[in-house]
Amino acid sequence: MLINEVCKRCGLTKKAIEYYEKQGLTHPQIMGNGYRVFSEDDVIQLNKIAVLCGLGISVSAMSTLLV
């Protein structure tokens, strides 16, 4: 699924999802046209990230917790 659908399902902004991708917390496939396609596993991971973020967990701690 594309990032707009992921935003709706996770309650995260595009900018936040792009940031978590740059931090190595999620790994969507990148199509030839540059679009990122997220799997159901990516959505599950991003939902976990949203919960951890709500609890005030730092990104560096998330990377340890989500391994």
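Look a little higher up for the structure.
Residues numbered from 1 in each chain as written. Predicted model: local features only at pLDDT ≥ 70, side-chain atom pairs only at ≥ 80, totals over all residues. Heavy atoms only, no water.

Novice: Can you tell me about the side chain of R36, naming the residues and giving the values?
Specialist: Residue placement: R36 occurs in strand β2 (residues 36-37). One polar contact links R36 to E18, side chain to side chain, over a distance of 3.0 Å. Only 2.8 Å separates the side chain of R36 from the side chain of E21, close enough to count as a polar contact. In this structure R36 touches M1, L2, I3, E18, E21, P28, Q29 and I30, once residues within four positions along its chain are discounted. (Helix = DSSP H or I, 4+ residues; strand = E, 2+ residues; numbered from the N terminus. Polar contact = N/O pair within 3.5 Å; in protein donor to acceptor, adjacent residues only side chain to side chain. Contact = heavy atoms within 4.5 Å.)

Novice: Go over the environment of S60 with me, naming the residues and quoting the values.
Specialist: Relative to the elements of secondary structure, S60 occurs in helix α4 (residues 59-65). On the accessibility criterion, S60 (54% relative accessible area) is exposed. Along the sequence, S60 and Y19 sit 41 residues apart, while their C-alpha atoms lie 13 Å from each other. (Buried < 20%, exposed > 50% of the residue type's maximum accessible area, 1.4 Å probe, protein only.)

Novice: Account for the nonpolar core, with residues named and values stated.
Specialist: In this structure, V6, L12, I17, Y20, L46 and I49 are the most contacted members of the largest nonpolar core, which totals 17 residues. Broken down by secondary-structure element, the contributors of at least two residues to this core are α1 (3-10), α2 (14-22), α3 (40-54) and α4. In this structure, I17 is in contact with I3, V6, C7, L12, F38 and L46, ignoring residues within four places of it in sequence. (Core = buried A, V, L, I, M, F, W, Y, C linked by side-chain atoms within 4.5 Å.)

Novice: Describe the packing of α1 against α3, naming the residues involved and giving the relevant values.
Specialist: Pairs of packed helices are described in terms of their axes, by the angle between the two and the distance that separates them. Closest axis-to-axis distance for the α1/α3 pair is 10 Å, and the angle between their directions is 45°. Here α3 runs oblique to α1, going by the angle between their axes. Viewed along their axes, α1 and α3 form a crossing whose handedness is right-handed. Counting all contacts with α1, which are made through V6, R9 and C10, the residues of α3 involved are E40, V43, L46, N47 and A50. (Axes fitted to C-alpha atoms, helices over the stretch in contact; angles between N-to-C directions. Parallel < 35°, antiparallel > 145°, perpendicular 65-115°, else oblique. Left-handed = near helix turned anticlockwise from the far one by under 90°.)

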